[in-house]
Amino acid sequence: MNVSSAVVRARGLVRTHGRGPGRVRAVDEVDLEVPQGQTLAVMGPSGCGKSTLLHLLGGLERPTGGEVWMDGRRIDTLSERALARMRRRSVGFVFQAFHLVEELTAAENVELPALLAGRSRRQARRRASLLLERVGLADRARHLPSRLSGGQRQRVAVARALVNDPLVVFADEPTGNLDTAATLDVLRIFEDLRAAGQTLVIVTHDERVAATADRLISMRDGMFVDDTRLAGTGTGTGTGTGTGTGTGWLGGLGGLIGLEG
Amino acid sequence: MQDAVLAMLAKEPSHGYHLHARLRRVLGPLGESMNRGQIYVTLARLERAGLVVCERADGLPERPERKVYALTPAGQQRVAAWLAEVGWPKPDLAEFHLKLAAAAAARLADPVELVAAQRRELLRHLREAQQAALAEPAGSGAGLLLEGVALRLQADLRWLDACERAWSGADDEVEGG
């Protein structure tokens with residue numbers, strides 16, 4: 001394995017919850033490498049450890065054992081301060097419940113992490129307006145979250161996750177609270193991000209979200225039980241994934257929609 | 001039907017009525033409409049095709065119930081090919097269900113592995129449907145059709161999850177895989 005190309009790397013990752021006989025291994029000896037530009041989906045039933053895994057990789061939680069590396073740097077041994085700085089600068093998070101600041105406008109929500117990372121007010125504003133445009137919400141920049149639909153709120157959250165040009169975006173059930181149309185809006189944005197070479201790790205129980213990834217890991221009881229490459233190599237060129245699989249998809253689906261015997 | 005009957009014979013040579021009973025047990029209420037005559041017709045076709053051989057039990061009058069059917073080497077090959085085949089789109093749940101039951105009974109293949117292979121295939125189809133749907137402008141008719149395709153695939157994938165849970169519980173050896 002080419003270590004230098006892995007944005008996220010985990011070795012022998014373990015996370016236990018509780019103590020004594022009731023102790024459970026939420027994440028159990030997991031090894032993982034996510035290369036630059038790959039969209040990885042992690043699926044599994046609730047309680048399988050997929051959210052915990054995401055928190056460990058993103059430095060929100062510390063492992064009980066094993067190592068986590070981000071862009072060639074070990075992060076599980078960092079001090080709290082250094083870890084917080086790494087999170088601000090190198091990763092973006094998208095959560096199921098959006099986690100927007102209700103008192104701030106859409107634009108201010110997006111600007112906030114940029115300001116916290118030390119950017120100037122002007123830089124933050126420019127970056128936020130660019131990103132809101134990118135997620136199709138330029139005309140909602142001055143709205144409070146309470147005046148936005150669930151899908152719009154999640155798109156603001158995606159823009160916020162991107163504001164510091166993260167090495168990787170971690171999304172925890174990003175469409176869990178969304179209807180089909182809003183889910184497709186978010187998936188379209190993820191698709192654009194992938195085409196632009198963004199590394200993405202998505203935890204989901206929605207097969208339709210998982211199916212848009214380059215690679216799908218199935219998790220049970222804290223362990224990986226399947227690792228399927230759906231398409232592409234995740235090199236970030238963005239050309240192969242969208243068009244390459246287009247050949248003959250109708251042929252494959254024809255039977256289902258009744259075009260074949 | 002032919003494949004399912006063949007696979008049921010992979011465990012051991014069987015009487016027609018025994019095969020019929022096994023199929024009905026595996027299929028439950030869905031198998032109620034299956035009559036014994038269908039089984040014998042299928043077995044006769046398989047025999048003509050050289051996939052099964054029929055041995056008459058000693059000293060008994062020639063009645064179909066007294067015949068014991070067994071796979072020929074060609075029949076065994078056909079069963080192995082059927083188990084390995086990842087057939088989709090073919091929304092035949094009963095066939096896949098029988099495949100898992102036959103694979104487990106004859107210990108020819110790990111049902112959980114069959115489920116995993118099928119899931120990978122469905123995910124690839126779902127990915128194609130999703131990408132095509134994403135490329136459609138909002139409100140397009142083709143988008144609506146693709147939505148239906150994606151939802152059906154999603155339903156099949158959820159059923160495969162249920163299959164996996166059931167067959168993982170049924171066999172502890174699965175853990176090693």
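Structural data are supplied above this passage.
Residues numbered from 1 in each chain as written. Chains lettered and ligands numbered in written order. Predicted model: local features only at pLDDT ≥ 70, side-chain atom pairs only at ≥ 80, totals over all residues. Heavy atoms only, no water.

(A) Broad picture of the interface of chain A and chain B. At the interface, 30 residues of chain A touch 30 residues of chain B. Taken over both partners, the interface formed by chain A and chain B buries close to 2,700 Å², and the fraction arising from carbon and sulfur atoms is 57%. Run the count over chain A and chain B and you get five salt bridges. Between Arg127 of chain B and Asp214 of chain A there is a salt bridge whose closest N-O contact spans 4.0 Å. For the pair chain A and chain B, the interface holds 13 residue pairs in polar contact (both at pLDDT 80 or more). When contributions to the side of chain A that touches chain B are tallied by element, the ones reaching two or more residues are helix 6 (180–195), helix 7 (207–210), strand 9 (215–220), strand 10 (223–229), helix 8 (240–244) and helix 9 (249–253) of chain A. Per element, the largest residue contribution to the side of chain A that touches chain B is six residues, and it comes from helix 6 of chain A. Split into classes, the residues belonging to the side of chain A that touches chain B amount to eleven nonpolar, nine polar and ten charged. (Contact = heavy atoms within 4.5 Å. Buried area = accessible area lost by both parts, 1.4 Å probe. Salt bridge = Lys/Arg side-chain N within 4 Å of Asp/Glu carboxyl O. Polar contact = N/O pair within 3.5 Å; in protein donor to acceptor, adjacent residues only side chain to side chain. Helix = DSSP H or I, 4+ residues; strand = E, 2+ residues; numbered from the N terminus. Nonpolar A, V, L, I, M, F, W, Y, C, P; charged D, E, K, R; others polar.)

(B) Highlighting the packing of helix 1 (residues 2–9) of chain B against helix 2 (residues 16–27) of chain B. Residue and element names in this part refer to chain B. Packing of helix 1 against helix 2 leaves a shortest axis separation of 10 Å and a crossing angle of 110°. In terms of orientation, helix 1 lies roughly perpendicular with respect to helix 2. Here Ala4, Val5, Met8 and Leu9 of helix 1 come into contact with helix 2, specifically with Leu19, Arg22, Leu23 and Val26. Residues that form the contact of helix 1 with helix 2 fall into these classes: seven nonpolar, no polar and one charged. (Axes fitted to C-alpha atoms, helices over the stretch in contact; angles between N-to-C directions. Parallel < 35°, antiparallel > 145°, perpendicular 65-115°, else oblique.)

Function-wise, these values are silent; they only describe arrangement.
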